[in-house]
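Listed below, chain by chain, are the residues.
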Amino acid sequence: AEDPAAEGEATEATDEAAAMAATVKDLEDKLKEQKNQMLRALADAENARTIARRDVENAKLFAIEKFAKGLLDVADNLSLAVKAVPKEEAEKEGSLKVLLEGVVMTEALLTKTFQVGSVVQS
């Protein structure tokens, strides 16, 4: 009734189709895994960029704070210099008076600069 050669060919075709389906499934799984690895790598790269940007910003802020602290020390020294000159000496004409006026103007300019930059003197 049935032709054995045709039955053999049908079995061979079925086996070949099953093998091809298994290969396609394996390739799809590998593709899915590669896509997941790529997405994780992209997320890791974005995280690294975010961390690097934050680190650079923090380094800039630290440098600015250190610089401002140094200028606050300068302002303190200018204030001490002004207070160190006796009032009667500051009122006499001469180079000490001119020097004191320069120190007072420098101190005022530095204080104004601090105010503009929102730097608080203690």
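None of these values were measured; they are calculated from a predicted model.

K.L.:
Would you explain a negative patch on the surface in this entry?
P.N.:
Judged by side-chain charge, Asp3, Glu7, Glu9, Glu12, Asp15 and Glu16 come together as a negatively charged surface patch. Tracing the sequence through the fold places Glu9 in helix H1 (residues 4-84). Its relative accessible area of 58% is what places Glu9 among the exposed residues.

K.L.:
Got a minute to help me understand the pattern of salt bridges in this structure?
P.N.:
When their charged atoms lie close together, side chains carrying opposite charge are able to pair. Tallied over the entire structure, the rule returns 7 salt bridges. The salt bridge partner of Glu33 is Arg40, with a shortest N-O separation of 3.8 Å. For Glu33, a relative accessible area of 36% gives the class partly exposed. Taking relative accessible area as the criterion, Arg40 reaches 47% and is therefore assigned partly exposed. One salt bridge in this structure joins Asp73 and Lys69, with 3.0 Å as the shortest N-O distance. Of this pair, Asp73 and Lys69 both sit in helix H1, separated by 4 residues, roughly a single helical turn. On the accessibility criterion, Lys69 (48% relative accessible area) is partly exposed. One connected set of salt bridges, linked through shared partners, spans Glu46, Arg49 and Arg53.

Quick notes on the rules
- Residues numbered from 1 in each chain as written.
- Predicted model: local features only at pLDDT ≥ 70, side-chain atom pairs only at ≥ 80, totals over all residues.
- Heavy atoms only, no water.
- Patch = residues over 30% accessible without salt bridge, like charges linked within 9 Å, V, L, I, M, F, W, Y side chains within 5 Å.
- Areas by Shrake-Rupley, 256 points an atom, 1.4 Å probe, with all protein chains shown as cover.
- Salt bridge = Lys/Arg side-chain N within 4 Å of Asp/Glu carboxyl O.
- Lys, Arg positive; Asp, Glu negative; His and termini not counted.
- Charge placed at Lys NZ, Arg CZ, Asp CG, Glu CD.
- Helix = DSSP H or I, 4+ residues; strand = E, 2+ residues; numbered from the N terminus.
- Buried < 20%, exposed > 50% of the residue type's maximum accessible area, 1.4 Å probe, protein only.

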